[in-house]
Each structure stands twice: as structure tokens, then as C-alpha cells.
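Listed below, chain by chain, are the residues.
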Amino acid sequence: MAYLRDIAYLLLLTAISPWLAWCAVRKGKYREGWNEKLLGRVPRRVGDRPCVWFHAVSVGEVNLLAPLITRWEREFPDWDCVISTTTRTGYELAHKKYAPRQVIYAPLDFSWSVRRALRRIRPNLLVLAELEVWPNWIEAARSRNIPVAVVNGRLSEKSFRGYQRLRSFVSSTFAQLQLIAVQSEEYAERFRALGALPENVCTTGSVKFDGVETQRDNAKTQRLARLAGIKPDDLVFVAGSTQEGEETAALDAFLSHTSRHPKLRLLLVPRHPERFDSVAAMLTARQIPFQRRSNLEKEGPSISARVLLVDAVGELGAWWGTAQIAFVGGSLTQRGGQNMIEPAAYGAAIAFGPNTWNFKDVVERMLAADAAVVVRHSEDLNRFVDRMLSLPTARQELGDKAQQLVLTQTGAADRTIALLAALISQQPRSGWSALPPANAA
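Described below are features of the structure shown in this document. (Residues numbered from 1 in each chain as written. Predicted model: local features only at pLDDT ≥ 70, side-chain atom pairs only at ≥ 80, totals over all residues. Heavy atoms only, no water.)

### Describing the overall build of the chain
No. 1: Each helix and strand counted, the chain has 19 helices and 14 strands in total.
No. 2: In terms of overall size, the chain behaves like a compact globule, its C-alpha atoms giving a radius of gyration of 23 Å where 441 residues would be expected to give roughly 22 Å.
No. 3: Structurally, the chain occupies a C-alpha span of about 70 × 45 × 45 Å along its principal axes.
No. 4: Out of the 441 residues in the chain, the part that is buried amounts to 55%.
No. 5: Of the contacts made within the chain by residues no fewer than 6 positions apart, 69% connect residues no fewer than 24 positions apart.
No. 6: Looking at the chain as shown, the accessible area adds up to about 19,100 Å², and 54% of this sits on carbon and sulfur atoms. (Helix = DSSP H or I, 4+ residues; strand = E, 2+ residues; numbered from the N terminus. Rg over C-alpha atoms; globule rule 2.2 N^0.38 Å. Buried < 20%, exposed > 50% of the residue type's maximum accessible area, 1.4 Å probe, protein only. Contact = heavy atoms within 4.5 Å. Areas by Shrake-Rupley, 256 points an atom, 1.4 Å probe, with all protein chains shown as cover.)

### Comments concerning the packing of helix H3 (residues 59–75) against helix H4 (residues 88–98)
No. 1: Two elements in contact, H3 and H4, have axes whose closest approach is 8 Å; the angle formed by their N-to-C orientations is 25°. It follows from the interaxial angle that H3 and H4 lie roughly parallel. In this structure, H3 meets H4 at a crossing whose hand is right-handed. Here H3 contributes Val59, Val62, Asn63, Leu65, Ala66 and Ile69 to the contact with H4, which in turn contributes Thr89, Gly90, Leu93, Ala94, Lys97 and Tyr98.
No. 2: Each residue belonging to the contact of H3 with H4 can be placed in one class, and the counts come to eight nonpolar, three polar and one charged. (Axes fitted to C-alpha atoms, helices over the stretch in contact; angles between N-to-C directions. Parallel < 35°, antiparallel > 145°, perpendicular 65-115°, else oblique. Left-handed = near helix turned anticlockwise from the far one by under 90°. Nonpolar A, V, L, I, M, F, W, Y, C, P; charged D, E, K, R; others polar.)

### Here's the deal with the pairing of strand S12 (residues 325–328)
It is a general feature of regular strands that their side chains alternate between the two faces of the sheet.
No. 1: The alternating pattern of S12 places Ile325 and Phe327 on one face and Ala326 and Val328 on the opposite face, and all of these are buried.
No. 2: Two elements, strand S8 (residues 235–242) and S12, share four bridges in a ladder whose sense is parallel. When the sheet's bridge partners are listed, Gly240 is paired in S12 with Val328.
No. 3: The pairing of S12 with strand S13 (residues 349–352) spans four bridges and is classified as parallel. Note that in S13 the partner of Phe327 across the bridge is Ala351. (Pairing = 2+ DSSP bridges.)

### Details of the environment of Ser159
No. 1: Along the chain, Ser159 turns up in helix H7 (residues 157–165).
No. 2: On the accessibility criterion, Ser159 (28% relative accessible area) is partly exposed.

Distances and angles like these do not, on their own, reveal function.
Below you can see the structure in the form of C-alpha cells.
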């Protein structure tokens, strides 16, 4: 079966190779890590300590791992932690966030690639963040008695329908997962319907509520605020994780109120680094005075520029701490929304669009608590900003409700680590004693 999957993957890779080449040339994506991804030649882990391998696809999942890694290392200080990612931005952030731990590009799901990567890392536990169910990788791990767990699991309606069409092919893979710790009971039912063993599916809540910063005076937020020249009496509107078109909507809302609110500042934080230049070009074309985050250290803050383009990866969590008003992007487009928990934790007054299926359970909780506002188009966003600026009491009340909601939802990371600890206590040792010598491929 693995070889049939390999053939299917090769055909797919061949079919999309022109697109990958175009992205590599035009956007700088998919240029790195092919020796690790395609051949599994990840750097060897040194030493004989037990090892947990955490896999996170990109930036969001890399950030998600922080409370889990902290708690794991507190519980198991004699274990190594290896972190893998798929994207370049995720890889760079993981290096920055988790050094000196080993960070690698994850192997693609070719049988030879995953087997070699497992031999080089020699994990005793494989932990996959959210929804990374790769048949060959899971099969190869289980053949070595390596328990495989999914944490903070989620399965959107769209993904569920896609897997249902392939149920006869994927059910055995879901059945091999020995722990599936999911965000909600709705997700739990979907995993069970796809073949996961009921006794292996547990509802823990969302880990994204754990480990978020709630204090605006934290060192990183304060450093960035000083760097950008943000003063205590400034009114900061942050549009974060934005997609194409959402920066324009946020800018229009900002410009509508600058004359009446001279202390208003706008921070634009595009979701993807390859769009930094296009957003800068849009601001230039509209003759908007602005600064780029990447120039702040050498230029210092500009008095005339009330718009800041944050062209940096991994800083959004801290920039949210400067916001009184927040728009969470990917929600007016078909992206499915981005993480609204971070601005909520700071007590910002939050708005997002109607397309938030990636955070369905979080959004339901926030709306039920009157802790956020849904805006359906740019005019709605403009009205939201106007109301938040005109009614400081309403702005404070909305932010307080959001922060209080976050504070009542913590604990998923602790529950997840307890489940992982129970899982490894039940397992036989991984079969690494039968491996070839360390200098083997």
C-alpha cells in the first residue's frame, strides 16, 4: 500500500512542479529543505536520551507548540524535543523561538523519506499538531512501536467532507493514531466517523488559549511599542494576519477617522511575507506616509507616518498588545480566519469577518459572550472602527469580555500533556536497538 501511495505522490508532485517552480522564482517559497523533505536527510539527533518529535506545519502551529513544549520539558526534563515544520516561515520562526532545540524540515510522506527521517531522529513519541494525518509517516512510526498522537485536533466541515470521500483509504490511518486530543466534541465525532478508535479520542479544549500573553506591559510588546514610537495616549488599530484586500479595507477605515482622531495609529500585519512588498506598493500608490517595521532600528520612528507595515514574521502576538482596536484577517476572504485568541487575551476590541470556520468553536464562544463583532464587508469594518473610537466605554467593555473569556478557557495544554504522559507509560520501547549503526543512511 505504501508504494501505491508513493506513486500517487510522485504523480501529484510532477503535476504541480511547474507551480512550485513559479512560486520559488516569483515568491521565494519552496526553495529550501528539499534534501530533508524529499529524501528524509534530516540532521541526525545526537545522544541516546528519549525523544519527542513535535510536528507543526507553519507559523500558527509553531506558536501553538509553545505551552506544550514548556509543560513537556517540565514533566520530562530528561527528554530531547525535536520540532519539524513544512514551510520556510514556520522553520525560521521555530529556529528563533525554540533554539537550541533541534529544528528540521519535515519529510514529505514518501515511504523512503519518512523511514530515513525516523531513523535519524529516533523518536519515542511523535506528536502532530491539529490535523497532520500522513499515512506513510504514521505507518512507519507504528512499525517501530512509536506512539503517534494528534494534539489540538480540529477537523473542519470542509476537511471532513474531503476525508469522507476517501474513507476507505484513510480509515486505517486514523485507526493507528493512539491519541487524538481535540478542541471540541464536534471535532471528536468527526474523527470517530473517519475510523479513529473511540477510546483514543479525547476532548481537551483548545491549546491556543494556553500560553497567550495577557499583560500589555510584557517586555516584547513594550520594546516594539518604543521602537515604533507608540505613546500611552495613542489609539492603535491593528489589522493582523491580513489577506489581499483586507489591508485596503483596514486602511479605508483608518483614513475615515484620522482627522477627528489625531492620535489614531494603524498597524498592518500581512499574513504572508511574500505580500509585504505588494502592500507597501499599495500604500505608496495611495500616497500614504508609512514606515516598514524592518527599517525602524536604523531610521527610528517617523513623526509623520501614522501607518506601520509590520514586515516581520513571528511578532504579531506582541503587536496585538499595543492594540485598542483589532481586526483579525483571513476572515473577509476564503482563508477561514486566523487566531483571534491573542488580541482577545490583551483585551482589545475585536472584529473579524464572517468566514472563520478554522476557528469555529472559538468564534462561537466569543459571539455567545458578546466578546467580538462580525463585520461582513469594508463598510461594516468602517462602522465598527467609528463606534469603537466614538464610544470608549463600549470599546473597553468589548475588550474586557474578550479577555475574561480567554481567562476562563485555559487548561487544555495541561490536559494534553497528561494524556501524552499516560500514552508513553503504556507503550513498549521503540524498536531502535535493531537499527543500523549511526553512520548508516
